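# Survey of secondary and tertiary structure
So the chains spell out like this:
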There are 2 protein chains.
Amino acid sequence: MANQQPSSSQWLIGVDVGGTTVATLLTDAQLRPVQTLVLATDLSSPDATLDGIAAAIQQTLDAAGVTADDVGAIGMGVPGAVDVEHGISRMAVNLHWYDYPVTPQLYARFGVPTFLENDVRVATLGVHRFDNPDCKQNLVYVSIGTGVAAGVILDGKLFRGRQGLAGEIGHWIVDPSGPTCNCGSRGCLETLVSATAVVRMGREAVAAGKPTRLSAYTPLTARDVYAAAAAGDEVAQVIVAQVGAELGRALRNVVLAYDSEAIVLGGGPTRAGTQFLQPIVTEWERQHTTSALARALLRPEMIRIADPARNMGAWGALALAAAHMERQAHG
Amino acid sequence: MANQQPSSSQWLIGVDVGGTTVATLLTDAQLRPVQTLVLATDLSSPDATLDGIAAAIQQTLDAAGVTADDVGAIGMGVPGAVDVEHGISRMAVNLHWYDYPVTPQLYARFGVPTFLENDVRVATLGVHRFDNPDCKQNLVYVSIGTGVAAGVILDGKLFRGRQGLAGEIGHWIVDPSGPTCNCGSRGCLETLVSATAVVRMGREAVAAGKPTRLSAYTPLTARDVYAAAAAGDEVAQVIVAQVGAELGRALRNVVLAYDSEAIVLGGGPTRAGTQFLQPIVTEWERQHTTSALARALLRPEMIRIADPARNMGAWGALALAAAHMERQAHG
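Residues numbered from 1 in each chain as written. Chains lettered and ligands numbered in written order. Predicted model: local features only at pLDDT ≥ 70, side-chain atom pairs only at ≥ 80, totals over all residues.

## Topic: the overall build of chain A
If you tally the helices and strands in chain A, you get 10 helices and 13 strands. Against the compact-globule benchmark of 20 Å for 331 residues, chain A has a radius of gyration of 21 Å, which places it among compact chains. Principal-axis analysis of the C-alpha atoms gives chain A an extent of 65 × 45 × 40 Å. When the 331 residues of chain A are sorted by exposure, 50% land in the buried category. (Helix = DSSP H or I, 4+ residues; strand = E, 2+ residues; numbered from the N terminus. Rg over C-alpha atoms; globule rule 2.2 N^0.38 Å. Buried ≥ 20, exposed ≤ 12 C-beta atoms within 10 Å, placed from the backbone.)

And the structure:
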């Protein structure tokens, strides 16, 4: 009984690589979680980042007493533009990766088939497979963090577009006279609804001398603004309502673009829960009062927040690995 | 030699049904045009509209000396919401059709397999098949008329969405404080860029007493506004520039939604040609000056106007009929 695992079983690993942490998830062949690990991302050099990821994988295996030979596939999500076919990170600004060969290097170390995809798309796979009680086959996952982007599932499959640009709704121009975006354009959606935008609006309110408790937070985070709104801070409530109305309009446009059955929201600010969701629903309900189209189109039950108890990035990376095993099994 | 047509050949018919005219196109099996006909749409009753369409088909056949027995398939585009599977017009406001069984009735008369689809989607099929020199397999056709809507081709196939709502970009809210739309919401794209919107802006300029020759046109059309702009009318030029800037932003958002390779524009105002296209390109070039993303994403050569010499509605309906024959031929 030295080795209780059935010889036919193949373990799977999902890795979520962010600018702050590397999170791993090891499961058995039935996708039951066995081990997780979170390490700080080593940003000292592009190679050091890769070494840190490899170390995180090795530590996860060691902690579970599993060897790489027993692993069937590794899935991984990384920020930025990805060459999915060759496993190359085309551009991940925060990781200082430019045309960096991620999966070739990991394959050289572990000898395990490894699959790379953009982190928002990976989280979308996670939501589709592991946080989808009604088995919706047409859904959009909207990631709201430093930036904003959508992952799109059409007919049960990830829709990347020809160049992998499909779903980059954070750069939809929604207010041509709005704030300047990192992309150089003005009034992109993410300048109005990202976590970064919420913090900027909070700071602007403080700088303008508005009566708000937001001045007490240093550094101010988007979560703080939502917490202050929940606690009755009227200045924070105005920000939260504005963000909700803007997101409500953008999500209408998402529904009209993709005819989505479900919209799932994730990322830091969404952890405010109802406080985050309700202003979006309020905007949809406001549209219902004047528009039959809006009543037919925008059903509040279509929108929800991704399960905050699960790291959708790591679970989605696992889905990427599992998809490889399933392709193998079906020839 | 009484019948010179090879017995194996099957003629095809495309029908474009609008609120003003019914246009037919008869081709041989090699999709060579043989006969076309344009009749006024009979709007005296829902059944009269159907009778008029059937009469147009019969007259087209008669003029070419072809009988319905020789026709392999009929394709048809109609405005509004369509149940493609059952050939039912769910709602075509201008035709007064609500749950009207179009293809069952035409099949009862002609005994020919008949296929129905929304008119903008049909025109999109026409552009994809007959006005696509580079054989782009990811393109968006944007119809600009009384309303605005997009037809989307992804990986060579029409993308309808689950409920057939995908591409209804005319109801993207782009200016929450903008004009009230027919749909009941405010600031939908079509309230700012449709032919109807151009006429409204022209009339508003006249009513405001602005120095413009637009007051000379009764009734004023969108084409008149473009013609006046081309002739140097500064008030008309401002309208044309505004519409182009708004469309330029909307088409950026289209590219980010679908990762389109090509955007093809059609509908009345687009017949103004360069006068219509240039202000859109000007907005994209304006974005290029500040944004590397815009430079990479928005290439002016991606946008063009559909061939004005062809009725894309009728040709697309023909593509619908031809697709049926091809499915038959391939089992």
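Following the structure, the description resumes.
## Examining the relation of the copies chain A and chain B
Of the transformation placing chain A onto chain B, the axial shift is 0.0 Å and the rotation is 180°, giving an RMSD of 0.0 Å. The transformation just described matches what one would write down for a two-fold rotation axis. Taking C-alpha positions as reference, the residue of chain A nearest the rotation axis is A:Val174, located at 3.1 Å. Of all interface residues in chain A, 100% are interface residues in chain B too; the two copies therefore contact each other through one and the same surface. (Least-squares fit on C-alpha atoms with pLDDT ≥ 70 in both. Contact = placed C-beta atoms within 7 Å.)

## A short note on the domain arrangement of chain A
In many reports, interface size means the accessible area that the parts give up when they come together. Residues and elements named next belong to chain A. Domain parsing of chain A yields domain 1 (11-124 + 311-329) and domain 2 (134-305). Here the C-alpha centroids of domain 1 and domain 2 sit 28 Å apart. Listed per partner, the contact involves 7 residues of domain 1 and 9 residues of domain 2. Sorting the residues of the side of domain 1 that touches domain 2 by element identifies β5 (81-83) and α3 (119-130) as the ones contributing at least two each. (Domains from an automatic or database assignment.)

## A word on the interface of chain A and chain B
Between chain A and chain B, the residue contacts involve 29 residues of the former and 29 residues of the latter. A total of 6 residues in the side of chain A that touches chain B trace back to one element, the largest contributor, which is helix α7 (residues 234-258) of chain A. For the side of chain A that touches chain B, the per-class residue count stands at 13 nonpolar, 10 polar and 6 charged. (Nonpolar A, V, L, I, M, F, W, Y, C, P; charged D, E, K, R; others polar.)

## Quick word on the sheet that holds strand β6 (residues 88-92) of chain B
Residues and elements named next belong to chain B. Taking strand neighbours across the sheet as the criterion, the 3 strands line up as β5-β6-β7 in an open arrangement whose pairing is antiparallel. Only two strands of the sheet have a single partner each, and these edge strands are β5 (81-83) and β7 (97-101). Averaged over all neighbouring strand pairs, the angle between strand axes comes to 10°, with direction disregarded. Note that β5 and β6 share 3 bridges and pair antiparallel. Across the sheet, the residue bridging to Asp-83 is Ile-88, located in β6. (Pairing = 2+ DSSP bridges. Axes fitted to C-alpha atoms, helices over the stretch in contact; angles between N-to-C directions.)

## Points about the pairing of strand β3 (residues 33-40) of chain A
Residue and element names in this part refer to chain A. By the bridge criterion, 7 bridges tie strand β2 (residues 21-27) to β3 in an arrangement that is antiparallel. Considered in β3, the bridge of Thr-27 is made with Pro-33. The turn joining β2 and β3, which pair antiparallel and follow one another in sequence, is formed by 5 residues; a positive phi near 65° is taken by Leu-31.

## Regarding the environment of A:Glu261
The residue A:Glu261 is located in the loop between α7 and β12 (262-266) in this model. Separated by 107 residues in sequence, A:Glu261 and A:Leu154 place their C-alpha atoms 9.9 Å apart.

## A short note on unusual backbone geometry
All names here are of chain A. For the peptide bond that leads from Thr-218 to Pro-219, omega is -10°, which places it in the cis range. When you line up the elements, Pro-219 lands in the loop between α5 (195-207) and α6 (222-230). Positive phi values are uncommon outside glycine, yet Leu-31 reaches one of about 65°. A tally of 17 C-beta atoms within 10 Å means that Leu-31 is categorised as partly exposed.

## A word on the environment of A:Thr124
Residue and element names in this part refer to chain A. Summarising the element assignment, Thr-124 is placed in helix α3. Taking the C-beta count within 10 Å as the criterion, Thr-124 has 32 such neighbours and is therefore assigned buried. Distance in space between the C-alpha atoms of Thr-124 and Gly-316 is 6.8 Å, their sequence separation being 192 residues. If sequence neighbours within four positions are ignored, Thr-124 has contacts with Tyr-141, Gly-151, Ile-153, Leu-158 and Gly-316.

## Quick look at the environment of A:Arg129
Residues and elements named next belong to chain A. Within the secondary structure, Arg-129 sits in helix α3. By C-beta crowding, Arg-129 is classed as partly exposed, having 19 other C-beta atoms within 10 Å. Each C-alpha atom of the pair Arg-129 and Asp-259 lies 20 Å from the other, and the pair is 130 residues apart in sequence.

## Some remarks on the sheet that holds strand β9 (residues 139-144) of chain A
All names here are of chain A. One open sheet accounts for 5 strands, arranged β11-β10-β9-β12-β13; its pairing is mixed. On the outer flanks of this sheet lie β11 (157-159) and β13 (303-305), each paired with one strand and no other. Taking each pair of neighbouring strands and ignoring which way they run, the sheet shows an average axis angle of 25°. Bridge analysis of strand β10 (residues 148-154) against β11 gives 3 bridges, and the strand direction is antiparallel. Bridge pairing in β11 places Ile-153 opposite Leu-158. In the packing of α3 onto the sheet, contacts are made with β9, β10, β11 and β12, and the angle to β10 comes to roughly 45°.

## As for helix α1 (residues 46-64) of chain B
Residues and elements named next belong to chain B. Across its 19 residues, α1 extends 28 Å between first and last C-alpha, which sits within 8% of the 27 Å expected from 1.5 Å per residue. Among the residues making up α1, those that are buried are Thr-49, Leu-50, Ile-53, Ala-56, Ile-57, Thr-60 and Leu-61. The arc that holds the buried residues of α1, viewed along the axis, is 130°, so those residues lie on one side. Exposed side chains of α1 directed beyond 90 degrees from the buried face belong to Asp-47 and Asp-62. Summarising the contacts, the buried residues of α1 are in contact with β1 (11-17), β2 (21-27), β3 (33-40), β4 (71-78) and α2 (102-110). Positive phi shows up at Gly-65, right after α1, with a value of about 70°. (Expected span 1.5 Å × (residues − 1). Arc of directions from axis to C-beta.)

## A closer look at α2(B)
Residues and elements named next belong to chain B. Among all positions of α2, only Val-102, Thr-103 and Leu-106 are buried. Relative to the axis of α2, the buried residues are bounded by an arc of 80° and lie together on one face. Exposed residues pointing more than 90 degrees away from the buried face of α2 are listed as Pro-104 and Ala-108. Residues of α2 that are buried sit in contact with α1, β4, β6, β7 and β8 (114-118). Taken from the residues just after α2, Gly-111 is the one with a positive phi, measuring 65°.

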